[in-house]
Amino acid sequence: MKSYFRKEIDAIAGYTPGEQPKVANLIKLNTNENPYPPSPEVLKVLRNFDPARLRRYPDPTADALRDLFAVSVNMQRDNVIIGNGSDDLLTMIFRAFTSPELPVAVFEPTYSLYPVLAAMQGAPVIKILLDQNTFAYPADAVKQAGNANLLIITRPNAPTGNCADKELVKEICANFDGIVLIDEAYSDFASDNCAEFAAEFDNVLVMRTFSKGSSMAGLRLGYAFGSKVLISGLMKLKDSYNVDMLSQELAKANFQDAAYRKECSEKIIADREKLAADLTELGFNVVPSQANFLFAAPPDGDGAGCFAALREEAVIVRYFPGEVTGKYLRITIGTPEENARLLEVLKKRFA
Ligand SMILES: *Cc1c(COP(=O)(O)O)cnc(C)c1O
């Protein structure tokens, strides 16, 4: 049968999410989920929720949540938009700012969903290479971004875990003639963030998700904030009821328990530093991380081999084929027990 799809759709392979295998006793360290459950407040809301309420549509703009997020970053409701996961926001942002005439610039390596979304738009992707050994950011990023209309800074970066220097990010925001999207999916685990640039610069959007630091990847909730002009433009592209009623309520309960989330993040950060030290001792080359995962190259530089050996032992991590990334594994920080099991398997191979 002839294809009736747009040529852009026929040309793309589609995004491959990390696997969600159904194996008993699996140690799952492959998709940067939080090893701890969300706040106990979430269970209370769930228990008391009256299903009869589901007859009605949810608040289309999730204003109660927008207000909470706005206050947390010293902005107003009209500066915030809610997404069904931050992937939903990324879809809106690519539709809004990229096209065959409007390229997007990304750093390489970075989140592998961006090029897929660009391809759906038929938008060219300008790749700005990070240092091949340290993954440091080049000082001339704005120049390299050329005529891009959208520039994405993932901070902390995925899959490498390091952060672009905050001064450099500020300089990019001030000098890039286009939209700067700062994807802060992992900012709960970092020593600082760039929230203030969303208020300082009209062309900057900062985006966050509940999937990593808030232990709610299954819920699907993200938000972005920036100037009112940018947010009201994005609102035009939003599915009318993109975040369901239950998600809005559960997210609210979780977000309000900031102390609990902080406690979980602090445990993960401490365990990240411990695992980094242990892997270094085994001969791994570990990129200093500000996220809830480590990007680490095994001593023999054979990421694929190490990935397969771990999988044999029911420990699943993430492997990204490629000349540079293929030397590494991306390892999500799990519970102390999970991290210990990972280390045990690696010791058999390298100690
Ligand atoms: C996980 C992740 C997201 C997507 O988060 P969801 O809210 O689950 O859609 C976006 N950007 C980066 C860099 C991520 O790692």
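Higher on the page you've got the structure.
### Focus on the packing of helix H3 (residues 63-72) against helix H10 (residues 245-256)
Interhelical geometry of H3 versus H10 gives an angle of 25° and a closest axis separation of 9 Å. Looking at the two axes, H3 sits roughly parallel to H10. Crossing angle aside, the handedness with which H3 passes H10 is left-handed. On the side of H3, the interface is formed by Ala64, Leu65, Leu68, Phe69 and Ser72, while H10 contributes Gln248, Ala251, Lys252, Phe255 and Gln256.

### Overview of the nonpolar core
With 51 residues, the main nonpolar core has Phe69, Ile82, Phe107, Ile172, Ile182 and Phe225 as its most contacted residues. The dominant element in this core, judged by the number of residues it contributes, is helix H7 (residues 166-175), at four residues. Ignoring any residue separated from it by four or fewer positions in sequence, one finds Phe225 in contact with Val73, Met75, Asn79, Val80, Ala195, Ala198, Val204, Leu205, Val206, Arg208 and Ile231.

### What about the site of the ligand?
Near the ligand, the surroundings consist of Gly85, Ser86, Asp87, Tyr111, Thr154, Asp183, Ala185, Tyr186, Thr209, Ser211, Lys212 and Arg220. Here an oxygen atom of the ligand and a side-chain polar atom of Tyr186 are 2.6 Å apart. Notes on the ligand: free accessible area 380 Å², of which the protein chains cover 93%. Along the lines of polarity and charge, the residues of the shell around the ligand split into three nonpolar, five polar and four charged.

### Topic: the sheet that holds strand E5 (residues 150-154)
With respect to topology, seven strands assemble into an open sheet ordered E2-E8-E7-E6-E5-E3-E4, the strand pairing being mixed. If you trace the sheet from one side to the other, it starts and ends with strand E2 (80-83) and strand E4 (125-129), each paired once. Averaged over all pairs of adjacent strands, the angle between their axes in this sheet comes to 25°, without regard to strand direction. Pairing geometry for E5 and strand E6 (residues 179-183), over five bridges, is parallel. In the strand pairing of E6, Thr154 is matched with Asp183. The strands that H3 touches are E2 and strand E8 (222-226); relative to E2, the one it contacts most, it runs at about 125°. Running over the sheet, H7 touches strand E3 (104-108), E5, E6 and strand E7 (204-209) and is turned about 150° from E6.

### Focus: helix H12 (residues 303-312)
Within H12 the residues assigned to the buried category are Gly303, Cys306, Phe307 and Leu310. Viewed end-on, H12 has its buried residues packed into an arc of 105°, placing them on one side of the element. A positive backbone phi angle near 65° is found at Ala314, which sits one or two residues after H12.

### Some words on the packing of aromatic side chains
Two measures describe an aromatic ring pair: the distance that separates the ring centres and the angle between the ring planes. Per the counting criterion, the structure on display carries 17 aromatic pairs. Their ring planes at 25° and their centres at 6.1 Å tell us that Phe210 and Phe255 sit as a pair that is stacked. With Phe210 in the loop between E7 and E8 and Phe255 in helix H10, this pair connects stretches of sequence that are 45 residues apart. Given a relative accessible area of 1%, Phe210 falls into the buried group. Between the aromatic rings of Tyr223 and Phe255, the centroid separation amounts to 6.5 Å while the plane-to-plane angle is 90°, which identifies the pairing as edge-to-face. Taken together, the residues Tyr223 in strand E8 and Phe255 in helix H10 connect sequence positions 32 residues apart. Each member of the pair, Tyr223 together with Phe255, is buried. Linked through ring pairs, Phe69, Phe210, Tyr223, Phe225 and Phe255 together constitute an aromatic cluster. The ring of Phe255 has Arg261 lying over it, and the distance from NZ or CZ to the ring centre is 4.7 Å.

### Considering the pairing of E2
Burial along E2 is two-sided: Val80 and Ile82 facing one way and Ile81 and Gly83 facing the other are all buried. Bridge count between E2 and E8: four bridges; the pairing is antiparallel. Counterpart to Ile82 in the pairing with E8 is Tyr223.

The rules we used
- Residues numbered from 1 in each chain as written.
- Predicted model: local features only at pLDDT ≥ 70, side-chain atom pairs only at ≥ 80, totals over all residues.
- Heavy atoms only, no water.
- Axes fitted to C-alpha atoms, helices over the stretch in contact; angles between N-to-C directions.
- Helix = DSSP H or I, 4+ residues; strand = E, 2+ residues; numbered from the N terminus.
- Parallel < 35°, antiparallel > 145°, perpendicular 65-115°, else oblique.
- Left-handed = near helix turned anticlockwise from the far one by under 90°.
- Contact = heavy atoms within 4.5 Å.
- Core = buried A, V, L, I, M, F, W, Y, C linked by side-chain atoms within 4.5 Å.
- Buried < 20%, exposed > 50% of the residue type's maximum accessible area, 1.4 Å probe, protein only.
- Near = heavy atom within 4 Å.
- Polar contact = N/O pair within 3.5 Å; in protein donor to acceptor, adjacent residues only side chain to side chain.
- Areas by Shrake-Rupley, 256 points an atom, 1.4 Å probe, with all protein chains shown as cover.
- Nonpolar A, V, L, I, M, F, W, Y, C, P; charged D, E, K, R; others polar.
- Pairing = 2+ DSSP bridges.
- Arc of directions from axis to C-beta.
- Phe/Tyr/Trp six-rings, centres within 6.5 Å; stacked < 30°, edge-to-face > 60°.
- Lys NZ or Arg CZ within 6 Å of the ring centre and 35° of its normal.

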